[in-house]
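# Secondary and tertiary structure notes
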Amino acid sequence: MSRCPVRVVAPLLAAAALAACGRPPAAPTVVVGSKPFTESVVLGEVAAALVRGAGHPVRHRRQLGGSRVLWKALLAGELDLYVEYTGTLSEEIFRGTVVAEPAAVAREVERHGARTGPPLGFNNTYALGVRAATAERHRLETISDLRRHPQLRFGLSTAFMRRSDGWPGLSRRYRLPQTATGLDHDLAYRALAAGEIDVTDLYSTDAEIAYYGLVTLTDDLGFFPRYDAVLVYRADLERRAPRALAALERLGGRIPEPLMVAMNAAAKLERRPEEQVAAEFLESELGLEAARIADGPATREPAPLLRHTGEHLALVAVSLGGAILVAIPLGILAARRRRAGQLILGATGIVQTIPSLALLVFMIPLLGIGAPPAILALFLYSLLPIVRNTAAGLGAIPRPLLESAEALGLPPGYRLRKVELPLAASSILAGIKTSAVINVGTATLGALIGAGGYGQPILTGIRLDDTGLILQGAVPAALLALAVQGLFDLAERAVVPRGLRI
């Protein structure tokens, strides 16, 4: 009887194995990226919908922090494709390399292990814009006309301020006498409309140009190159997802400039979801029904506030916990070894001076995008207050108390645990509390590299000029900072003896 189950089960296992071998492998997930402005998010949704319609699972990592962030993520394998502009590739990504012609740009992209698709059909060039009343009052038609009016106030996007094809090169070419202030691109439109600034940089496909009745100044010296929108994708995608690439090829030349402006207006001004705008474009221009490009069976996910809270807490808890474990021993060493202490405090102080976004970008080649680089950056930023307060707290212990402990014959380790650290506990906790509060605020920048958290609704709200969305991230972040401060106040009551509390 013991042989009967074997005779029954063995054929079933063999049949299951044959079925598994004969089943085609699952289509690989394709990761699409987009920059933190509306046009890029819309085009990212268009690409994601086409890939999904070709039978591939797709993930759209939205609103990542700028061209270099996406390019580095592509090279690191964190992204498979995104929409870039030829002028940005030649003037920003490959700055210092002569790649002005489209063919040269494509060859340089290929040299880095990536490919470019056909142009999508529109040139989203840079331009300078002014209000109609300003243009009429000062008779402004070209960029050269600005030389006659040094009193005009320039408010330019932060990216434009530092790009070689932006303000530095433009001001030299046109010999412009004005100075410029940097601000967010979306906020610049509001500042221009409110009369806070007189001139700003535009993307030629921005819907706000017509909405605010702005005048675009002619680039009479031909400074700006062409910024033809193209898909940039990893070379190995040709092998991993040929059907997806075939679907994306259909976008070549199908998005003329007026259509892109209309799509931007629908998403930015009419507040329609980018997914809906993308689906309507694909249905009207490529004949793809919404049902063919929609997501599969819907899966319930936590409410946005709960999801963002969970992501933010994870970033803060992991980075701060690691910082506490490392910084307190470093603070002890700094207190006991004067020369080593100077090096430790100097090194942690230098880290604190590195701009947050720059540090996040530096991490991408090592850790990719998402939570890991954000956690490491927050960990590094959390070190200085804890190290400094630990060293200061131990250094402030009265010498007679230490001499009394030595006179009692207490071993150094026991003396540290039972005498020195309890006496310095109030100062150490103050440093941890400072790090925690700073950490909560800085963690909002993690959204720029896809780490989520409260920064996600803040970025979206700024992009869409939606105060409600901004508050959905800003208010919980502020409340969390207050809660963290209150938590450490309670911890101080529990850990530090009453007589030693600050």
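Refer to the structure above for everything that follows.
So, a few notes on the structure that sits alongside this text. Just so it is clear, the structure is predicted and the values come from calculations on it, not from any experiment. Every residue gets a number counted from 1 within its own chain, in the order that chain's sequence is written. A pLDDT threshold of at least 70 governs which residues receive local features in this predicted model, and a stricter bar of 80 or more applies before side-chain atom pairs are shown or counted, although totals over entire chains, interfaces and linings include all residues. The side-chain numbers reported here are obtained from all heavy atoms of the structure, hydrogens and water having been left aside.

### Description of the side chain of Glu84
- Its location among the elements puts Glu84 in strand E3 (residues 81-85).
- Under this definition, polar contacts are N or O atom pairs within 3.5 Å; protein pairs additionally need one hydrogen-donor-capable and one acceptor-capable atom, and for neighbouring residues in sequence, both atoms have to be side-chain atoms. Within the local environment of Glu84, its side chain forms a polar contact with the side chain of Lys35, the two groups lying 2.5 Å apart.
- Only 3.1 Å separates the side chain of Glu84 from the side chain of Tyr82, close enough to count as a polar contact.
- Here a residue-residue contact requires only that any non-hydrogen atoms of the pair lie within 4.5 Å. Dropping the residues within four chain positions of it, Glu84 is found in contact with Lys35, Ser67, Leu89, Asp228, Ala229, Val230 and Val232. Helix and strand assignments come from DSSP, with helices taken as H or I runs of at least 4 residues and strands as E runs of at least 2, each series counted from the N terminus.

### What to know about the sheet that holds strand E8 (residues 200-203)
- Only when DSSP finds a minimum of two bridges between them are two strands counted as paired. Read from one edge of the open sheet, three strands run E8-E5-E9, paired in antiparallel fashion. Each of the sheet's edge strands pairs with one partner strand only, and the pair in question is E8 and strand E9 (214-217). When strand polarity is set aside, the average angle formed by the axes of neighbouring strands in this sheet is 50°.
- Alignment of strand E5 (residues 126-131) against E8, held across four bridges, turns out to be antiparallel. The residue bridging Tyr126 from the neighbouring strand is Tyr203, located in E8.
- Each of E5, E8 and E9 touches helix H9 (residues 185-193); the most contacted strand, E8, lies at about 120° to it. Here an angle of 0 to 180 degrees is reported between the N-to-C directions of two axes, which are lines fitted to C-alpha atoms, with helices fitted over the stretch in contact.

### What to know about the packing of helix H3 (residues 67-75) against helix H18 (residues 356-367)
- For the pair H3 and H18, the least separation of the axes is 9 Å and the interaxial angle reads 10°. Taken together, H3 and H18 sit at an angle that is classed as roughly parallel. Judged by residue contacts, Val69, Lys72 and Ala73 of H3 engage Val361, Ile364 and Pro365 from H18.
- Residues are sorted three ways: Asp, Glu, Lys and Arg are charged, Ala, Val, Leu, Ile, Met, Phe, Trp, Tyr, Cys and Pro are nonpolar, and all the rest, Gly among them, are polar. Per-class residue counts for the contact of H3 with H18 are five nonpolar, no polar and one charged. Oblique is the label for any angle not covered by the other classes, which are roughly parallel (under 35 degrees), roughly antiparallel (over 145) and roughly perpendicular (65 to 115).

### As for the pairing of E5
- Among the six residues that make up E5, six are buried, leaving the element largely enclosed by the rest of the structure.
- Judged from the four bridges that link them, E5 and E9 form a sheet pairing that is antiparallel. For Arg131, the partnering residue across the bridge sits in E9 and is Leu214. Relative accessibility under 20% of the residue-type maximum defines a buried residue, over 50% an exposed one, and the middle range a partly exposed one, all with a 1.4 Å probe and only protein chains included.

### Considering a nonpolar patch on the surface
- Patch membership requires over 30% relative accessible area and the absence of a salt bridge. Like charges are linked within 9 Å, and nonpolar side chains (Val, Leu, Ile, Met, Phe, Trp, Tyr) within 5 Å. For accessible areas, the Shrake-Rupley method is used with a probe of radius 1.4 Å. Any residue's cover is judged against the shown protein chains and nothing else. A side-chain nitrogen of Lys or Arg and a carboxyl oxygen of Asp or Glu constitute a salt bridge if their distance falls within 4 Å. Nonpolar side chains collect at one region of the surface, where Leu471, Val475, Leu479 and Leu482 lie side by side and expose about 370 Å² of accessible area between them.
- With respect to the element layout, Val475 can be found in helix H23 (residues 467-495).

### Concerning the nonpolar core
- Nine residue types can take part in a nonpolar core, namely buried Ala, Val, Leu, Ile, Met, Phe, Trp, Tyr and Cys, and a core is a set of them joined through side-chain atoms within 4.5 Å. Ranked by internal contacts, the top residues of the largest apolar core, which has 63 residues, are Trp71, Leu79, Val109 and Val232.
- Each residue touching Trp71, except ones within four places of it in the same chain, is listed here: Tyr82, Ile93, Phe94, Val109, His112 and Val232.
- Residues Phe154, Val199, Leu217 and Ala229 belong to the second largest nonpolar core, which totals 60 residues.

### Here's the deal with the packing of aromatic side chains
- Whether two aromatic rings pair depends on their centres lying within 6.5 Å, for rings of Phe, Tyr and Trp, where Trp uses its six-membered ring; planes under 30 degrees apart make the pair stacked, over 60 edge-to-face, and the rest tilted. For the structure shown, the criterion picks out 11 aromatic pairs.
- Between the aromatic rings of Phe154 and Trp167, the centroid separation amounts to 5.3 Å while the plane-to-plane angle is 50°, which identifies the pairing as tilted. One end of the pair, Phe154, is in strand E6 (residues 154-157); the other, Trp167, is in helix H8 (residues 167-174), with 13 residues separating them in the sequence. One exposure class covers both Phe154 and Trp167, and it is buried.
- Joined through ring pairs, the aromatic side chains of Phe37, Tyr126, Phe160, Tyr203, Phe223, Phe224 and Tyr227 make up one cluster.

### Remarks on the environment of Ala207
- Mapping Ala207 onto the fold places it in the loop between E8 and helix H10 (208-211).
- Spatially, the C-alpha atom of Ala207 lies 57 Å from that of Val495, the residues being 288 residues apart in sequence.
- With residues near it in sequence (within four places) discarded, Ala207 still touches Val261, Asn264, Ala265 and Leu269.

### Regarding unusual backbone geometry
- Within the chain, Arg139 stands out as a residue other than glycine whose phi angle is a positive 55°.
- Looking at the element boundaries, Arg139 is found in the loop between helix H6 (132-138) and E6.
- Unlike most non-glycine residues, Arg271 shows phi in positive territory, near 60°.
- Within the secondary structure layout, Arg271 lies in the loop between helix H13 (257-268) and helix H14 (274-286).

### What to know about helix H16 (residues 304-336)
- For H16, which comprises 33 residues, the first-to-last C-alpha distance of 48 Å matches the rise-based estimate of 48 Å (1.5 Å per residue) to within 8%.
- Looking only at H16, the buried set comprises His308, His312, Leu315, Val316, Ser319, Leu320, Ala323, Ala327, Ile328, Gly331, Ile332 and Ala334.
- As for H16, its buried residues are in contact with helix H17 (338-353), helix H19 (371-395), helix H21 (412-442), helix H22 (455-464) and H23. To estimate how far a helix should reach, multiply one less than its number of residues by 1.5 Å.

### Regarding the pattern of salt bridges
- One pass over the structure, following the stated rule, counts 24 salt bridges.
- The closest approach of N and O atoms between Arg240 and Asp80, which form a salt bridge, is 2.4 Å. Here Arg240 is found in helix H11 (residues 237-240), whereas its partner Asp80 is found in the loop between H3 and E3, with 160 residues between them in sequence.

### A look at H14
- Its 13 residues place the ends of H14 17 Å apart at the C-alpha level, agreeing with the 18 Å of an ideal helix rising 1.5 Å per residue.
- Along H14, the positions that sit buried rather than exposed are Glu274, Val277, Ala278, Ala279, Phe281, Leu282 and Leu286.
- A positive backbone phi angle near 70° is found at Gly287, which sits one or two residues after H14.

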